[in-house]
Amino acid sequence: MKIAIVSEKESLDARIDSRFGRCAYFAIYDTDSKTTEFFPNPAKDSPEGAGPAAVKFVASKGVKKVVAPEFGGKAETMLEKLQIEMVSEKDKTISEIIRGF
C-alpha cells in the first residue's frame, strides 16, 4: 500500500508539513517495498484549489492513505469520495511516521 505524508523537505529527517494542499513535498512510502519517494507538490503555488489539486496528484500515484496534520474541507470530501484514508499526525519527522507503519 502507498501512503503519502506531507513533508517540509525532501528528506526522511524532515518534519511533517503543517499544510496538506500547500505542503512542499509528498513523501510516498510503499509498505510492500519499504521504499520512500519524494515528490514536489505541484499544487503548492496554486492561486486557488490547492487541496483538490493535491488530492488528484496523490491519487495519481496510487496512494491509499494520506498523513497530514489537517485537511481542508474540499480535500476531505474528495479523499472520502476516492476512498483514500486520512490520518492526522503532527510534530513528527517523516521517518518517525513511517516507523509507525
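Since we're looking at a predicted model, the values are computed, not measured.

Novice: What is the right way to look at the environment of Lys44 in this model?
Specialist: One can find Lys44 in the loop between strand 3 (35–40) and helix 1 (50–60). Under the relative-accessibility criterion, Lys44 is labelled partly exposed at 34%. Between the C-alpha atoms of Lys44 and Ala75, which are 31 residues apart in sequence, the distance is 14 Å. In contact with Lys44, other than residues within four places in its own chain, are Gly21, Arg22, Cys23 and Ala24.

Novice: Is there a simple way to explain the nonpolar core in this structure?
Specialist: For soluble globular proteins, the rule of thumb is that nonpolar side chains tend to be buried together. Counting 32 residues, the largest nonpolar core has Ile5, Phe20, Phe26 and Val66 as the members making the most contacts within it. Sorting the residues of this core by element identifies strand 1 (2–7), strand 2 (25–30), strand 3, helix 1, strand 4 (63–68), helix 2 (73–81) and helix 3 (94–99) as the ones contributing at least two each. A total of five residues in this core trace back to one element, the largest contributor, which is helix 1.

Novice: Even after reading the chapter, I still don't get the pairing of strand 5 (residues 85–88), so can you show me in this structure?
Specialist: Successive residues of a regular strand alternate their side chains across the two faces of the sheet. Of the pairings in the sheet, the one linking strand 4 to strand 5 comprises four bridges and is parallel in character. Considered in strand 5, the bridge of Val66 is made with Met86. Taken together, strand 4, helix 2 and strand 5 constitute a β-α-β crossover, and its handedness is right-handed.

Reading the values: the criteria
- Residues numbered from 1 in each chain as written.
- Predicted model: local features only at pLDDT ≥ 70, side-chain atom pairs only at ≥ 80, totals over all residues.
- Heavy atoms only, no water.
- Helix = DSSP H or I, 4+ residues; strand = E, 2+ residues; numbered from the N terminus.
- Buried < 20%, exposed > 50% of the residue type's maximum accessible area, 1.4 Å probe, protein only.
- Contact = heavy atoms within 4.5 Å.
- Core = buried A, V, L, I, M, F, W, Y, C linked by side-chain atoms within 4.5 Å.
- Pairing = 2+ DSSP bridges.
- Right-handed = clockwise from strand over helix to strand, strands pointing away.

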